[in-house]
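Summary of structural features
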Amino acid sequence: MPGFCLVSEELARAGAGMIHNGHFQLMEMLLEYATPAQRERFLAPLSQGTAIGAMAITETDVGSSFRGMQTRLEEAGGGWRLNGAKVFINDAAEADLLGVLARSPGGFALVILERETPGFGITGRLDPIGLRSSPIHNIAFQDCPIGSDRILGPPDKGLAVFLSAFNFSRLGNASAALGIAETAFAKALAYCRQRRVGDHLVADFQGLRWKLADMSTRLAAARLLRDHAARATQTRGKSGLLSSQAKLLCVETAQAVVGEALQLTGRYGCLRDSLFDLYLRDVKALAIAGGTLEVMKNNIAREVIGF
Ligand SMILES: Cc1cc2nc3c(=O)[nH]c(=O)nc-3n(C[C@H](O)[C@H](O)[C@H](O)COP(=O)(O)OP(=O)(O)OC[C@H]3O[C@@H](n4cnc5c(N)ncnc54)[C@H](O)[C@@H]3O)c2cc1C
């Protein structure tokens, strides 16, 4: 777990769209729930990098709440059929395997859908503001035949399967935000150290020195909480409170640090070449993708208050 966080953070220093969170989320669920045959068939190629994975949860009327989910897995002639549509799915067109959350008799099912499955199709490509190096597509399922060996865990316990990897996914997004903020901070620091304004370096102005001090302190605090949450997830298995707190703090810190870093770099930060616009857009996308900051606050409040 801490290793996954460090990799996500390092990748995000170069481009947060490259973290491919859905791929690792699917692997994490397989590690927890796959039968030996499913491990062999799905986990092996995903972990070797010969297959790409994605996660398909969101629908037109489903985002922060799953209540209105329309995608359905129904029994049909000794097997199952999948019908419905998902939107906003990272890497859906590139993926060999998609983890699809669907309603099922008695609950939800987590289906592992192979790209070649008849009835599966891409219905549109979206044009997001952030994380653009990980393309986003809408997809549909029309009477897709699903064998029982393509269902992860019990067919009515898909929500538990999905939630088992949610701490993991949140910490990947938290780490990506941290990586972006660290890059923005490093650029601002380098600029302040060498940029002359009249007789002074930018780094001579006390107000700006304090800004840099605040930014580095916020980054250190966010990184420590992320590390603590990562270790707790690894050792205790359950860390919903800490992973939600880590995502909230890392993304809020990143939003503040990127904004301040751009300000410190003056006109240079206003050029697209400086990449500050990329950082702003990617951090904003991370504040929404994989659970919004408001949803993180709801999770934290529920844990702290007890209901
Ligand atoms: C860049 C990007 C990539 C994505 N990739 C994927 C992907 O690969 N797979 C996938 O399945 N989905 C993906 N999504 C979808 C993402 O998970 C959802 O956008 C997210 O869960 C929020 O849902 P929503 O957009 O429908 O917002 P809504 O649920 O419509 O929320 C709208 C606003 O209301 C707030 N809100 C909602 N409920 C509450 C509440 N109870 N209390 C307080 N405030 C609330 C939200 O925080 C938000 O500000 C992606 C989204 C983005 C932006």
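In this text, all values refer to a predicted model and were calculated from it rather than measured experimentally.

Going through the model one piece at a time under the given rule, you end up with 17 salt bridges. The shortest N-O distance in the salt bridge between arginine 13 and glutamate 10 comes to 3.2 Å. Of this pair, arginine 13 and glutamate 10 both sit in helix 1 (residues 2–14), 3 residues apart, which is roughly one turn of the helix. Relative accessible area serves as the criterion here: at 48%, glutamate 10 is assigned to the partly exposed category. Between arginine 132 and aspartate 127 there is a salt bridge; the shortest N-O distance is 2.7 Å.

Both strand 2 (residues 72–76) and strand 3 (residues 79–90) contribute to a ladder of 5 bridges, which runs antiparallel. For arginine 72, the partnering residue across the bridge sits in strand 3 and is asparagine 83. Turn length for the strand 2-strand 3 hairpin, with the two strands adjacent in sequence and antiparallel, is 2 residues, and the turn residue glycine 77 shows positive phi of about 55 degrees.

Moving on, we come to the domain arrangement of the protein. For the protein, the domain assignment lists domain 1 (52–153) and domain 2 (165–305). For domain 1 versus domain 2, the separation of C-alpha centres amounts to 31 Å. Each partner contributes to the interface: domain 1 provides 5 residues, whereas domain 2 provides 7 residues. Around 490 Å² of area is buried between domain 1 and domain 2 when both sides are counted, 70% of it from carbon and sulfur atoms. Looking only at domain 1, the three residues that lose the most surface to domain 2 are Ser64, Ile129 and Leu131, adding up to 81% of its buried area. Counting every contact that joins domain 1 to domain 2 gives 0 salt bridges. Summed over the shared surface of domain 1 and domain 2, the result is 2 residue pairs in polar contact (both at pLDDT 80 or more).

Take the packing of aromatic side chains next. Where two aromatic rings form a pair, the distance of their centres and the angle of their planes describe that pair. Applying the stated criterion across every chain yields a total of 7 aromatic pairs. With a centroid separation of 6.1 Å and an interplanar angle of 20 degrees, the aromatic rings of phenylalanine 120 and phenylalanine 141 are classed as stacked. Here phenylalanine 120 is found in strand 6 (residues 120–125), whereas its partner phenylalanine 141 is found in strand 7 (residues 136–146), with 21 residues between them in sequence. With respect to burial, phenylalanine 120 and phenylalanine 141 carry one shared label: buried. Ring centres of tyrosine 191 and tyrosine 268 lie 5.9 Å apart, and the angle between their planes is 10 degrees; this geometry places the pair in the stacked category. Taken together, the positions of tyrosine 191 in helix 5 (residues 166–194) and tyrosine 268 in helix 8 (residues 266–269) put the pair 77 residues apart, joining distant regions of the chain.

Before going further, it helps to spend a moment on helix 9 (residues 276–286). Along helix 9, the residues that are buried comprise Phe276, Tyr279, Asp282, Val283, Ala285 and Leu286. Contacts made by the buried residues of helix 9 are with helix 5, helix 7 (240–264) and helix 8.

Definitions and cut-offs
Residues numbered from 1 in each chain as written. Predicted model: local features only at pLDDT ≥ 70, side-chain atom pairs only at ≥ 80, totals over all residues. Heavy atoms only, no water. Salt bridge = Lys/Arg side-chain N within 4 Å of Asp/Glu carboxyl O. Helix = DSSP H or I, 4+ residues; strand = E, 2+ residues; numbered from the N terminus. Buried < 20%, exposed > 50% of the residue type's maximum accessible area, 1.4 Å probe, protein only. Pairing = 2+ DSSP bridges. Domains from an automatic or database assignment. Contact = heavy atoms within 4.5 Å. Buried area = accessible area lost by both parts, 1.4 Å probe. Polar contact = N/O pair within 3.5 Å; in protein donor to acceptor, adjacent residues only side chain to side chain. Phe/Tyr/Trp six-rings, centres within 6.5 Å; stacked < 30°, edge-to-face > 60°.

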